[in-house]
Amino acid sequence: MPGRFVSFEGGEGAGKSTQIERAAEWLRSRSVTVNVTREPGGTPRAERLRALLLERGDEPMPQSCELLLMFAARATHLANRIRPALARGEWVLCDRYTDATYAYQGGGRGLPAAQIDALVGIVHAGDWPDRTLLLDLPVEQGLARASRRNGVDGPDRFETEERAFFERVRRAYLARATAEPGRFRIIAADRSLDEVAADVRAALEPLLEGAP
Ligand code: TYD
């Protein structure tokens, strides 16, 4: 049985981490070896790049710097974790991947898609998830959930953006999902954890049965 690559996407407070944990538990109960990871991050070097990307501070981060660091983290994550895990036949459950770059740096920041396309070409032309689950919910609700979760560290560099930014992120995600219905499943995340988890399982079940 080949490995499977599944990414989870959504705006702030969509409940991705909880749903990934629940999906991982369910897959393990079905005898699947699961590798749960996240972006930016997932390897020691990529986690250091993540810290650079999320930290707030006095030095403004140019959009090009943000974009390049995202792909730098992704390059080492793919080479040192995702591809080896898939080659071993594992299921990789990834909290965000390149669709997040199109949504946040493209939709949110307004960078031209062509710039992102160029970096995709350099870093991972062919490595796309088998399935991408978009946990979608109204921005207002997501931000309310996310702010309840902010601990002593306060919001990270993205969480300080204004609401209009997250509206653009949501629209960009939905546009990508609509354009690629074969890979994406849109799951309404403004429901109970159990209801969302049931839809996540339903979206993954065909992959367990060998569907492309
Ligand atoms: P994440 O850990 O999913 O944060 P949260 O759990 O708060 O949603 O992602 C960290 C931040 O990085 C998130 O605000 C989105 C941002 N991000 C991008 O802007 N571009 C990307 O390509 C990725 C992977 C993440």
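Residues numbered from 1 in each chain as written. Predicted model: local features only at pLDDT ≥ 70, side-chain atom pairs only at ≥ 80, totals over all residues. Heavy atoms only, no water.

S.K.: Lay out the overall build of the protein in plain terms, naming residues and giving numbers.
M.R.: Counting secondary structure elements, the protein contains eight helices and five strands. Each helix and strand of the protein, placed in order from N terminus to C terminus, yields the pattern β-α-β-α-α-β-α-α-β-α-α-β-α. Rg of the C-alpha trace for the protein: 16 Å, near the compact-globule value of 17 Å for 212 residues, within the 12% margin. Dimensions of the protein along its principal axes, counting C-alpha atoms only, are 50 × 40 × 35 Å. (Helix = DSSP H or I, 4+ residues; strand = E, 2+ residues; numbered from the N terminus. Rg over C-alpha atoms; globule rule 2.2 N^0.38 Å.)

S.K.: Report on the environment of Arg185, specifying residues and quantitative values.
M.R.: Take Arg185: it is sitting in strand β5 (residues 184–188). Residue Arg185 is classed as partly exposed on the basis of its relative accessible area of 30%. Considering only alpha carbons, one finds Arg185 and Leu133, 52 residues apart in sequence, at a separation of 5.0 Å. Once residues lying within four places of it in the same chain are set aside, the contact partners of Arg185 are Arg131, Thr132, Leu133, Leu134 and Ala203. Reaching out from Arg185, the side chain makes a polar contact with the backbone oxygen of Gly182 at a distance of 3.4 Å. (Buried < 20%, exposed > 50% of the residue type's maximum accessible area, 1.4 Å probe, protein only. Contact = heavy atoms within 4.5 Å. Polar contact = N/O pair within 3.5 Å; in protein donor to acceptor, adjacent residues only side chain to side chain.)

S.K.: Requested: an account of the sheet that holds β5, with residues and values cited.
M.R.: The five strands lie next to each other as β2-β3-β1-β4-β5, forming an open sheet whose pairing is parallel. Taken across any chain shown, the strands that pair with only one partner, and hence form the sheet edges, are β2 (34–38) and β5. In this sheet, neighbouring strand axes are inclined to one another by 20° on average, regardless of whether the strands run parallel or antiparallel. With five bridges connecting them, strand β1 (residues 4–10) and strand β3 (residues 91–95) associate as parallel partners. Note that in β3 the partner of Val6 across the bridge is Leu93. Of the strands in this sheet, β1, β4 (131–136) and β5 are in contact with helix α4 (residues 98–108), which crosses β1 at around 20°. (Pairing = 2+ DSSP bridges. Axes fitted to C-alpha atoms, helices over the stretch in contact; angles between N-to-C directions.)

S.K.: Please give an account of the environment of Arg183 that cites residues and values.
M.R.: Looking at the secondary structure, you find Arg183 in the loop between α7 (163–179) and β5. Setting aside its immediate chain neighbours within four residues, Arg183 contacts Asp99, Trp128, Pro129, Asp130, Arg131, Thr132 and Arg176. A polar contact of 2.8 Å, which involves the side chain of Arg183, links it to the side chain of Asp99. Separated by 2.7 Å, the side chains of Arg183 and Thr132 make a polar contact.

S.K.: Would you mind going over the site of the ligand in detail, with residue names and values included?
M.R.: Residues in contact with the ligand amount to 17 residues; listed here are only the nearest, Lys16, Arg50, Arg96, Thr101 and Gln105. In this structure, Arg74 approaches the ligand through a side-chain N or O atom, which is 3.1 Å from an oxygen atom. Against a free-state accessible area of 540 Å², the protein chains account for coverage of 95% of the ligand. Elements with a contribution of two residues or more to the shell around the ligand: α2 (44–54), α3 (63–87) and α4. (Near = heavy atom within 4 Å. Areas by Shrake-Rupley, 256 points an atom, 1.4 Å probe, with all protein chains shown as cover.)

S.K.: I'd like a rundown of helix α8 (residues 193–208), residues and numbers included.
M.R.: The end-to-end C-alpha distance of α8 is 22 Å, a good match for the 22 Å that 16 residues give at a rise of 1.5 Å each. All of the buried residues in α8 are Val196, Ala197, Val200, Ala203, Leu204, Leu207 and Leu208. Next to the buried residues of α8 lie β1, α1 (16–29), β3, β4 and β5. Gly210, located one to two residues past α8, shows a positive phi value of around 95°. (Expected span 1.5 Å × (residues − 1).)

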